[in-house]
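One letter stands for each residue in the lines below.
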Amino acid sequence: MKNKFTILIIAALISVQHTTMAQTVDAFIEKIYPELDALYKHLHQNPELSLQEKETSARIAQELRSIGYEVTEGIGGYGVVGLLKNGPGPVLLIRSDMDALPMEEKTGLPYASTKKAIGNDGKETYIAHSCGHDIHMSVFIGTAKLMMEYKDSWRGTLLMVGQPAEETGMGAWNMLNDGLYERFPHPDYAIALHDDPFLPAGTLGYKAGPLMAGVDMMNVTVYGEGAHGAAPHKGIDPIVLSAQMIQAYQTIVSRRLAPTEPAVVTVGSIHGGTVHNIIPDQVTMQLTLRSYSPDTREELISSVKRISEYYAKAAGLPEDKMPSYWIREPHTPALINDAQLTEQMVTVFENNFSPDKVVEVEAQMIGEDFSRFGMQERAIPISMFYLGANDPEFLEKAKKDGMDIPGLHSPYFAPVPEPTIKTGVKAMGLFAMDILKNREVMMEEKR
């Protein structure tokens, strides 16, 4: 009975400690929020494309320096690292992506982006933060401020990593190839977040294990023999061949893979021909392949090639006109959250947020190159959580009325800044401090 009573007392003291810390953190976030809101709107109005994040990375570097971090720029392109050494302890990497998308924003917000630039394909395009990386960066800077303010509560080394080119899958690859883990202390853990338009602002989503899929971008060029459109029997039509292949690709997931194995094969574009009445001599298709395991990835790629070649042979094409292939490298590996680190994260969230604000989510087939930070020669635990970003009232109405909800990469995606950023800073900061908790302070509190 005595032991049970002691356990209850300790549990109560821990609960009070968590509550007091959360309240203190809330007050600090309230104090710095106007700065974060201004930063968010500046970033939102000034997006930059992947591999072009010159001004964005400079602003993130400036913010980190002003807080007191030791800052290094130009890592793997426009990558930024803010280093804060705070005594002996683990090394924690917190990552934010920085790039925007080549698309026009149509939200109608007073701070909507109207920016244009020349894309990496040489064409002019609108630019918008329609994936919410501006939210990510604002939370990132807020977390950096929080960790500096409460540095007596943790011990170890913090690496604040601003990563370029997430949308192209090249940013993490470039930073790591430029010696990120050789030039800075090697992390023991890496954490990140991603905003979620399908979760109400103020809500946190988690999932141990697979969270996001591995991504391959693949081109298939189909060759044929050109002819007059009025005499198709005189040629071999690569447009018809491509149509047959597209239909057959859909059997890869439904007939080649186990029904329990998630995968996607999508043909996103097809280009061939010039005018109405000429059969061209080649067509190029652009595919995206999504999977969670290396074996499934290999099966998708090999099946696309096998199907393409069989149809080409059936059409009577010679060996020198078999389809050719291009696969973007680096590919984006699947994002697998470490179970133990995610369990720790959920405990922190449940101790500091109301139960209805912490929800388990399902895995998705979208991709994220944050996974690479945990997959180097010395593997480390990683965990990414979802940060609810939408107006709760809008979501409720949309659900009730059967309305479509603008998702990531939609021109209408409009995060609600205030509760989203505040929740993100609190969640990320408390999680980071729990990983790097100051055991000396804990021992003093226990005494």
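Note that this is a predicted model, so its numbers are computed, not measured.

Asks: Please set out the sheet that holds strand β1 (residues 70–75) residue by residue, giving values where relevant.
Replies: With mixed pairing, the eight strands of this open sheet are ordered in space as β1-β2-β6-β3-β7-β18-β8-β17. Each edge of the open sheet carries a strand with a single partner, namely β1 and β17 (358–360). Strand-to-strand twist of the sheet, defined as the mean angle between neighbouring strand axes without regard to direction, takes the value 25°. For strand β8 (residues 204–206) and β17, the ladder comprises three bridges, and the chain directions are parallel. Across the sheet, residue Gly205 finds its bridge partner in β17, namely Val359.

Asks: Go over the pattern of salt bridges, please, and point to the residues and values.
Replies: A full pass over the atoms with the stated rule returns 17 salt bridges. The salt bridge partner of Lys426 is Asp26, with a shortest N-O separation of 3.2 Å. With a gap of 400 residues between them, Lys426 in helix α10 (residues 417–435) and Asp26 in helix α1 (residues 2–45) connect regions that are remote in the sequence. Taking the relative accessible area as the measure of exposure, Lys426 reaches 9% and is therefore buried. Judged by its relative accessible area of 34%, Asp26 is partly exposed. A network of salt bridges, in which partner residues are shared, links Arg95, Asp97, Glu368 and Asp369.

Asks: Explain the packing of helix α8 (residues 339–352) against α10 to me, and be specific about the residues and the numbers.
Replies: Packing of α8 against α10 leaves a shortest axis separation of 10 Å and a crossing angle of 120°. It follows from the interaxial angle that α8 and α10 lie oblique. Between α8 and α10 the crossing geometry is right-handed. Side by side, α8 and α10 meet where Leu341, Gln344, Met345, Val348, Phe349 and Asn352 of the first sit next to Lys426, Ala427, Leu430, Phe431, Asp434 and Ile435 of the second. In the contact of α8 with α10, the residues fall into eight nonpolar, two polar and two charged.

Asks: Residue-level account of the pairing of strand β7 (residues 189–200), with values.
Replies: Remember that side chains alternate between the two faces of the sheet whenever the strand is regular. Of all the 12 residues making up β7, nine are buried; the element is thus mostly covered by neighbouring parts of the structure. Both strand β3 (residues 91–97) and β7 contribute to a ladder of three bridges, which runs parallel. Opposite Leu92, over in β7, you have Tyr189 as the bridge partner. Note that β7 and strand β18 (residues 382–390) share eight bridges and pair parallel. Residue pairing for β18: His194 is matched across the bridge by Tyr386.

Asks: I'd like a description of the sheet that holds strand β15 (residues 324–327), backed by residues and values.
Replies: Spatial ordering of the open sheet is given by β12-β14-β10-β15, a layout of four strands whose pairing is antiparallel. One side of each edge strand has no neighbouring strand; the edge strands of this open sheet are β12 (263–272) and β15. On average, each strand axis in the sheet is inclined to that of its neighbour by 20°, with strand direction left out of account. Two strands pair when backbone bridges link them, and strand β10 (residues 214–223) and β15 are joined in this way by four bridges, in the antiparallel orientation. Paired with Met218 across the bridge in β15 is Ile327.

Reading the values: rules and limits
- For every chain, the first residue of the written sequence is number 1, and numbering continues from 1 along that sequence.
- In keeping with the model being predicted, local features are shown solely for residues with a pLDDT of at least 70 and side-chain atom pairs are shown and tallied solely at 80 or more, while totals for entire chains, interfaces and linings include all residues.
- Based on all heavy atoms of the structure, the side-chain values leave hydrogens and waters out of the count.
- Any two strands with at least two DSSP-identified bridges between them are counted as paired.
- The way it works is that DSSP assigns letters per residue, a run of H or I at least four long becomes a helix, a run of E at least two long becomes a strand, and they are numbered from the N terminus.
- Axis geometry follows a simple rule: fit a line to the C-alpha atoms, using only the stretch in contact for helices, then measure angles between N-to-C directions, giving values from 0 to 180 degrees.
- Any carboxyl oxygen of Asp or Glu within 4 Å of a side-chain nitrogen of Lys or Arg constitutes a salt bridge here.
- Here's how the labels work: a residue is buried when its accessible area is under 20% of the maximum for its type, exposed when over 50%, partly exposed in between, all with a 1.4 Å probe on protein chains only.
- Reported orientations rely on four angle classes, namely roughly parallel under 35 degrees, roughly antiparallel over 145, roughly perpendicular from 65 to 115, and oblique for the rest.
- Left-handed describes a crossing whose near helix is turned anticlockwise from the far helix through less than a right angle; right-handed describes the clockwise counterpart.
- In what follows, a contact means two residues having at least one pair of non-hydrogen atoms within 4.5 Å.
- Think of it as three bins: nonpolar holds Ala, Val, Leu, Ile, Met, Phe, Trp, Tyr, Cys and Pro, charged holds Asp, Glu, Lys and Arg, and polar takes everything else, Gly as well.

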